[in-house]
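# An overview of the molecular structure
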Amino acid sequence: MDKLVPLPSLGFIPERDLGSTPILDIHHLGVEFGGLHAVDDFNLIIGRTEIAGLIGPNGAGKTTVFNLLTNVYTPTRGVVLLDGVDIRGKSTAQLNRMGIARTFQNIRLFKDLSVEDNVRIGLHNAFEYSLGSALFRLPSYWKNERLAHDTALGLLSIFDMQSLADKPAGSLPYGAQRRLEIVRALATKPKLLLLDEPAAGMNPSETGELMENIRRIRDTFEIAILLIEHDMNLVMGICEGIAVLNYGRIIAKGTQEQIKSNPVVIEAYLGRRGEAKA
Amino acid sequence: MLEVQNINVFYGNIQAIRDISFSVEDGEIVTLIGANGAGKSTILKSISGLLRSKTGDITFDGKSIKGTAPHKIVAQGLAHVPEGRRVFLQMTVEENLDMGAFTAPRATFEDSIANVYERFPRLKERRRQIAGTLSGGEQQMLAMGRGLMSQPKLMMLDEPSMGLAPILVEQIFDIIQELNRAGTTILLVEQNAQMALSIANRGYVLETGQIVFHAPSSELLTNDAVQKAYLGG
Amino acid sequence: AAPAAIVADQAASGETIKVGILGPHTGDYAVYGLAVKNGAQLYIDEVNKAGGINGKQIETIVYDNKGDSTEAITAFTRMVDEGITALIGDVLTGNTIAVVGEANPINMPMITASATAAAVTYNADTDTVYTNVFRTCFIDPFQGEKMAQYAAEKLNAKTAAVLTMTGDDYSVGLADAFKAKCAEVGISVVADEGYSKGDVDFKAQLTNILAATPDVVFCPNYYQDDGMIVTQARELGLTSAFLGGDGWAGVSAYASAEDLEGSYFCSAYAPGSTDAVKAFEAAYTAAYGADTLNMFAATAYDAAKVLVAALTKAEASGTAAGSDEYKQAVIDAIKTEGPSVVGITSETGYTFDDHNNPIKSAVIMTLTGGVETFKEMY
Amino acid sequence: MSVYTTILRQIINGLQSGSIYALVALGYSMVYGIITLLNFAHGDIIMIGAYIAWLSMAKLSMHPAFAILSAILGCTLLGMLIEKAAYKPLRGSPRISLLITAIGVSFLLENLSQMVFGAKAQVIPSFSNIPSIFLGTIELSGTAVITLIAAAVSMLLLTFLVQKTKMGKAMRAVSEDTDAAQLMGININRTISFTFAIGSALAGIGAVLYCSAYPQATPTMGSMLGLKAFVAAVLGGIGSIPGAMIGGFAIGLAESLVSAIGLSVWRDGVVFAILIIVLLVKPTGILGRPMREKV
Amino acid sequence: MKQAYKKIPMPVRYAINTLLFAAFLIIGVSLIQSGAISKYFTKVLMLIGINIILAVSLNIATGYLGQLPLGHAGFMAVGAYTAAIFMTRSGLDPSVSFPIGLVLGALSAGIFGILIGIPALRLKGDYLAIITLGFGEIIRVVLLNIDSVLGFKLTYGAASLKSIPKETTFLNTFLCVGIACLLIHTMMKSRHGRAVLSIRENEIAAESCGINITYYKVLGFTASAVFAGLAGALYAGYLGILNPSSFGFMKSIEILVMVVLGGMGSMVGSVLSATVLTAIPELLRAFSEYRMIVYSLLLITVMIFKPSGLMGQYDFSLSRILEKVFNRKPTRDTTNHKAGDKNG
Ligand SMILES: Nc1ncnc2c1ncn2[C@@H]1O[C@H](COP(=O)(O)OP(=O)(O)OP(=O)(O)O)[C@@H](O)[C@H]1O
Ligand SMILES: Nc1ncnc2c1ncn2[C@@H]1O[C@H](COP(=O)(O)OP(=O)(O)OP(=O)(O)O)[C@@H](O)[C@H]1O
Ligand SMILES: [Mg+2]
Ligand SMILES: [Mg+2]
């Protein structure tokens, strides 16, 4: 087996306990689509409560990495350890139960269901009771349903969305839908939260707010967050470590400062103005 | 060139647009900014005919286009690059671009497509790929490229920079300016208000379906309230 | 509930005798249901014109069941609620059995003109006869057996093939009886093929039959299908004689004279054979057109005739219409009056056996020069 | 007769009935391909075509050529009328509502024609005597040959239409995203109307060929035919033009071969079992494009 | 701003609904026994009940799970034949064998649901439709051809399975309706039901919420089959005779029409449209041959003017109406929450 990249590679905040094993440990991950190496030899380690950023040009393979981590696509190569456990061969649902939750670049809400039900579906495995208890309304049904209701509203309150609980998710404005997706992902009690362009379609002030919330989520739930984003304000604002992907390969890894000033990154991704701003 | 007068638009019985009027002059870049759900996309959809306004009038190039079928409006030289890309997922990149040129004269097709490929080399690389498997940003480029193919007089862009890498965002804004210099009028909806205002002549600020503010961009850029609400200042 | 016209008609006497007519008037089997409806109505109209029964008009309550047993039951129950004294119907075997399940407990007299399965009047599991149920048509086993016998005796057949519409009780019933009889009379069944309702291409099955080179092919289906089957068989080069049941009546319009030449089928009556038949056919055509003029129109006409005779007798008995005694009187009268009713399809009257099936001999029809002609009584 | 000729004959039987299924399935697939509507009334349009042929020849004693033309024309117009009256008002509604409407239209056509034309099967005079072709000792009827050719030509023309012409492009765009298609300047109403016209014209051709092979018209003849064609279209990969052809032939062949091995009473069951197995192995039909959804 | 809208507590709601339903049954039964409701009307009511169960059961697979099965009549057939064979063969008194038959009918249909669901649910959309249609047809063909098995008369094929005790009554039909609706309701308003709904809404998202979609698809499909089997068993006891041709493709379509017309995913809609669609042909009897024309025109018209069905996705609830009455002035926050205005 390949040698582990020394830990913490991306954990840049020594005062926080990142744990002895990283939450996510990816080795030589790769996938091909008909000859196209969408992700190639991808290695990354993420600490237990770290906020990490994955950036790179369009079509670099960022979303594909998420899809590999959630087994929407099956990797052709590589090993992924979640909290020290090999996740090969696990289904998307199993991976979720093991602690990986995500949002989608193209929002995938349960549009016709209410906001609360969206979150409650996220809570599916958190408050379990058997089909029998449901059918015959046994006490465990009542207890868990009440807990689920309270928890759902509690989670919605992170984004101040309790008042929308009864609305159909599809009728929410774009930005609210993105936030709801995050809440739903959180409801599954993840150890690692994957956010795919959470700020897309938000204006700068909304983005600023989102940034605060992401940080708060990490602090309250003590989870690791890996996010993809093209909004450099957000990435540079909260990511403790950043990996840059291009043509499926990592071209740079490091802190904000290192990335901002990396000429390869500027050339491939940030561009002149981006450099100036950053 | 485009004159919108007192339109009111509903989704079922929810009113999304309340009595909005504005205009875009020939050769201008005008931008609409506003929070999520303010009704920006709804306005564009009403102009291109996908939605109907209950009242008021919309004139384009001197002719009323209210109630006209969308395909006729497009044929008059008004292109709409919709929100959320809306590329034809089962078609290849090239077929998508071909669709963009549906109303354009056949003779200019080769030039137009070469032009698009030049601006977005990634699309050229992926010309045979099924659009549905493109990455988000690639689809966004395709949507923009497809809009360019029709060589419109007025182009309405709904969040063209969404999901694009910073380097491409710059490019997109460059392209918009270039198009504008070449004579295309632009109506731009953007979340990246900073950049939108920096290239626009004028801007309208939208809140819950109403225009609350209208000024030249330079003024908007320095306005405190706008700064706070939309520029993250 | 009574249509306005009839109400006006009977205004004088003030009372009517209600008779139900039930069958599929829409859907796949409409052609039989409509024939039964029209045939029965034709006779009842004649009776009404002649003054009705004891001055009472006969009012028909006609309901469509789409060929669906569920609808048959609801429609029948509704008729009962509306006060029918007897039923002509149902038309399809399965529907009729379903209706019998409702009619038997209330001892409602019913005569079917077309339900041919033995089980319509007799429950083999419990060995009981449904005494309230009669019919004016053949039963399946009778036809199947007759044709097997006929093939052996008159056509000297040694081998036979069978082509049935699987899922159709009539077709399967005839075929089963035919096959059973074949074993007895020394015919070996060399091919046993099936098709589904709605099929129009039978070449695959016919190719198998062709390969088995049978002397005769027994095809106990309905005439449209049979016409197409014969045509396709000849196309493939199958020269065997075709045999069928009463469902064949009318087949001559559906295949060429050449192709049909030398086929045989049994029937309850021979179209155009006697003056009575001719008169019936003329009257029917005048009233309803020739579209649905098939054998069941004739058996329905007879059913109505038997029923009217029985009703007349029952009316005379003086019991109140709809009472249990009245119903029993009708049932008894069907048995006693039947033999004197000379119908279109039974010149010798309707005598019923102990399973309430009419005792009549089969007419063997043959096709010559494209015409369905009477061959012999058998 | 040798086993060999029996088998050969059965294959030919299968191809003959298969070619009719194929032709009908093409019309199905065509309409499905554009508005993803399972047009349950398609079989009934064929039924009307058959009655038009019957009316014009048996009742109006028209020349067969005119009868053929009027059947095709009649079907085309009927298809367009149905689209305008029953389907157009449902644009943008859930697909399943459209499906139910189509079922309603199918019921309506069946019951109307029973009222108008009667419940009895009508015999359709033959259009002409097309000489048969002999393959060795086996006779292949002329209509079968023509049906085969018609199916193949229709397939090629349709493929060309959809792939190469401007209308074809419009059709494909409409099928994917009507709003986006409109923004390309495509007149969706005209495109859909055109699609129905083509699909119904195919139904008309199907009616004529069907009638020359099976010369009877009944009000319910369309439902079984429509169902089989639907199965054929799905088996081939619904929406795919060559798929419809392959599916049609596959169903025809399966039917006759199942009968050939002596299972004719089980035929529908066995044919469906084959269908199920094929779909389990290839979940989008033989030529259907897998619906990939990028996440 | 939350709160304020007083909800009737769950147990109270259940009590209200149970009482109302019991009242309905008692009134129904006494009206029938007193003869105020005619036999015909009673029959129609029973049919309505059976059709309601069919519609609400298909609604699980179609409305809630979002699939398009076209073989629902097959499950009904399995239930009907199982119950009928048991009742005619067990030698038990009908009053004993009928309830057992109902349970057996439902269970056997459920087993078929699992067996068919596992392979069929791997397919999507119209391919699923056709594969279920295929299974439905196979069930029908098998019932036709297994007339007798090893000398034991089983289904009697085309000759029909006869002499089934007619044990179905208004009371037991509507008890079954009540049980079916209640169980479907309690299933759907639980985490299991929500999991089923999430699959309809977005399969990929459902999976990434940790929902075992295969399990829940099969669960939904099986539940759908179970109640179809129950309806089939009632049908057997209603009709007294079974023929495989009653369970063809058109029967499946008929049930589908009920579900869609009622509004996909609305149980009340299914109940309503099953009632209306059963009643309409009966009401139209006077039109005789024209009634199917009128019926199909009605169908088309309703779809055109109400494309999402009579009830849409709306589920009527009596207690919700009561709540409205008790809360004359709902103080719910209805204004759209805007992130923008807070910062302005
Ligand atoms: N299923 C697929 N089949 C073929 N190519 C694919 C498939 N999925 C992704 N790709 C290709 O792989 C590359 C990586 O795609 P991916 O979606 O991961 O990009 P990304 O980094 O998320 O880009 P963006 O920032 O634009 O969202 C793209 O070029 C895309 O076209
Ligand atoms: N299809 C729809 N049905 C119902 N309401 C809708 C629909 N589409 C939009 N809305 C509502 O109309 C309002 C305006 O929406 P619109 O999409 O025009 O906003 P926008 O300014 O473009 O926002 P965004 O920045 O999110 O794109 C919002 O409140 C939204 O919830
Ligand atoms: Mg991406
Ligand atoms: Mg928008």
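For the structure itself, look to the data block above.
Keep in mind it's a predicted model, so treat the numbers as computed, not measured.

## Remarks on the interface of chain A and chain E
- At the junction of the two partners, chain A supplies 43 residues and chain E supplies 38 residues.
- When chain A packs against chain E, the two sides together hide about 3,600 Å² of surface, and 57% of this comes from carbon and sulfur.
- Sorting the residues of chain A by area buried against chain E places A:His124, A:Leu131 and A:Arg137 first, and these three jointly supply 16% of that buried surface.
- Counting across the chain A and chain E interface gives one salt bridge.
- A salt bridge links A:Glu145 to E:Arg194, with the shortest nitrogen-to-oxygen separation between them at 2.7 Å.
- Elements supplying a minimum of two residues to the side of chain A that touches chain E: α2 (92–98), α3 (115–122), α4 (131–135), α5 (139–156), α6 (174–187) and α7 (204–221) of chain A.
- Taken together, the residues of the side of chain A that touches chain E break down into 16 nonpolar, 10 polar and 17 charged.

## Thoughts on the coordination of the magnesium ion (ligand 3)
Residues and elements named next belong to chain A.
- The protein atoms donating to the magnesium ion (ligand 3) are Thr 63 (OG1) and Gln 105 (OE1), with metal-donor distances spanning 1.9 to 2.1 Å. Of this pair, Thr 63 sits in helix α1 (residues 62–69) while Gln 105 sits in the loop between β6 (100–102) and α3, placing them 42 residues apart in sequence. Each member of the pair Thr 63 and Gln 105 is classed as buried.

## Description of the coordination of the magnesium ion (ligand 4)
Residue and element names in this part refer to chain B.
- Within the protein, Ser 41 (OG) and Glu 83 (OE) serve as the donor atoms for the magnesium ion (ligand 4), at 1.8 to 2.4 Å. Residue Ser 41 is located in helix α1 (residues 40–47), and its partner Glu 83 is located in the loop between β6 (78–81) and α3 (93–100); the two are separated by 42 residues in the primary sequence.
- Owing to a relative accessible area of 12%, Ser 41 belongs among the buried residues under this scheme.
- For Glu 83, a relative accessible area of 27% corresponds to the partly exposed category.

## Overview of the site of ligand 2
- Every one of the 16 residues lining ligand 2 counts as a neighbour, but B:Gly37, B:Lys40, B:Ser41, B:Thr42 and B:Glu83 are closest to it.
- The environment around ligand 2 is built from residues contributed by chains A, B and E.
- B:Tyr11 is positioned such that a nitrogen or oxygen atom in its side chain is 3.4 Å from a nitrogen atom of ligand 2.
- In the model, an oxygen atom of ligand 2 is placed 3.4 Å from a nitrogen or oxygen of the B:Glu159 side chain.
- Protein burial of ligand 2: of its 630 Å² of free accessible surface, 79% is covered by the chains.
- A class-by-class count of the residues in the shell around ligand 2 yields five nonpolar, eight polar and three charged.

## Re the state of the cysteines
- The final tally for this structure, using the stated rule, is zero disulfides over all chains.
- Among the cysteines around C:Cys137, which has no disulfide bond, C:Cys266 carries the closest sulfur, lying 12 Å off.

## Brief notes about the site of ligand 1
- Around ligand 1, 24 residues are found, and the nearest of them are A:Lys62, A:Thr63, A:Thr64, B:Arg126 and B:Gly137.
- Residues within reach of ligand 1 are spread across chains A, B and D.
- One of the side-chain nitrogen or oxygen atoms of A:Thr64 is found 2.4 Å away from an oxygen atom of ligand 1.
- B:Thr133 places a polar main-chain atom, nitrogen or oxygen, 3.2 Å from an oxygen atom of ligand 1.
- If ligand 1 stood free it would expose 640 Å²; the protein chains cover 96% of that surface.
- Of all the secondary-structure elements, those providing two or more residues to the shell around ligand 1 are β2 (36–46) and α1 of chain A together with α6 (136–148) of chain B.
- By residue class, the composition of the shell around ligand 1 is six nonpolar, 12 polar and six charged.

## Thoughts on the pattern of salt bridges
- Following the criterion strictly, the structure yields 56 salt bridges over all chains and no others.
- Between E:Glu201 and E:Arg200 there is a salt bridge, with the nearest N and O atoms lying 3.1 Å from each other.
- The residue E:Lys217 makes a salt bridge to E:Glu203 at a minimum N-O spacing of 3.2 Å. Of this pair, E:Lys217 sits in helix α9 (residues 213–239) while E:Glu203 sits in helix α8 (residues 203–208), placing them 14 residues apart in sequence.
- Connected via shared salt-bridge partners are C:Asp64, C:Lys66, C:Glu71, E:Glu282, E:Arg285 and E:Arg291.

## Topic: the interface of chain A and chain B
- Between chain A and chain B, the residue contacts involve 31 residues of the former and 30 residues of the latter.
- Taken over both partners, the interface formed by chain A and chain B buries close to 2,200 Å², and the fraction arising from carbon and sulfur atoms is 47%.
- There are zero salt bridges connecting chain A and chain B.
- If you look at where chain A meets chain B, you find 11 residue pairs in polar contact (both at pLDDT 80 or more).
- For the side of chain A that touches chain B, the elements supplying multiple residues, two or more each, are α6, α7 and α10 (263–277) of chain A.
- When residues of the side of chain A that touches chain B are assigned to their parent elements, the largest contribution, nine residues, is made by α10(A).

## Overview of a nonpolar patch on the surface
All names here are of chain D.
- Nonpolar side chains collect at one region of the surface, where Val 3, Ile 7, Ile 11 and Leu 257 lie side by side and expose about 330 Å² of accessible area between them.
- Sorting elements by how many residues they give to the nonpolar patch places helix α1 (residues 3–35) first, with three residues.
- Tracing the sequence through the fold places Ile 11 in helix α1.
- For Ile 11, a relative accessible area of 34% puts it in the partly exposed group.

Here is what the cut-offs are and how they apply
Residues numbered from 1 in each chain as written. Chains lettered and ligands numbered in written order. Predicted model: local features only at pLDDT ≥ 70, side-chain atom pairs only at ≥ 80, totals over all residues. Heavy atoms only, no water. Contact = heavy atoms within 4.5 Å. Buried area = accessible area lost by both parts, 1.4 Å probe. Salt bridge = Lys/Arg side-chain N within 4 Å of Asp/Glu carboxyl O. Helix = DSSP H or I, 4+ residues; strand = E, 2+ residues; numbered from the N terminus. Nonpolar A, V, L, I, M, F, W, Y, C, P; charged D, E, K, R; others polar. Donors = N, O, S within 2.8 Å, 3.2 Å for Na, K, Ca; no water. Buried < 20%, exposed > 50% of the residue type's maximum accessible area, 1.4 Å probe, protein only. Near = heavy atom within 4 Å. Polar contact = N/O pair within 3.5 Å; in protein donor to acceptor, adjacent residues only side chain to side chain. Areas by Shrake-Rupley, 256 points an atom, 1.4 Å probe, with all protein chains shown as cover. Disulfide = S-S within 2.5 Å. Patch = residues over 30% accessible without salt bridge, like charges linked within 9 Å, V, L, I, M, F, W, Y side chains within 5 Å.

By themselves, these figures tell us nothing about what the structure is for.
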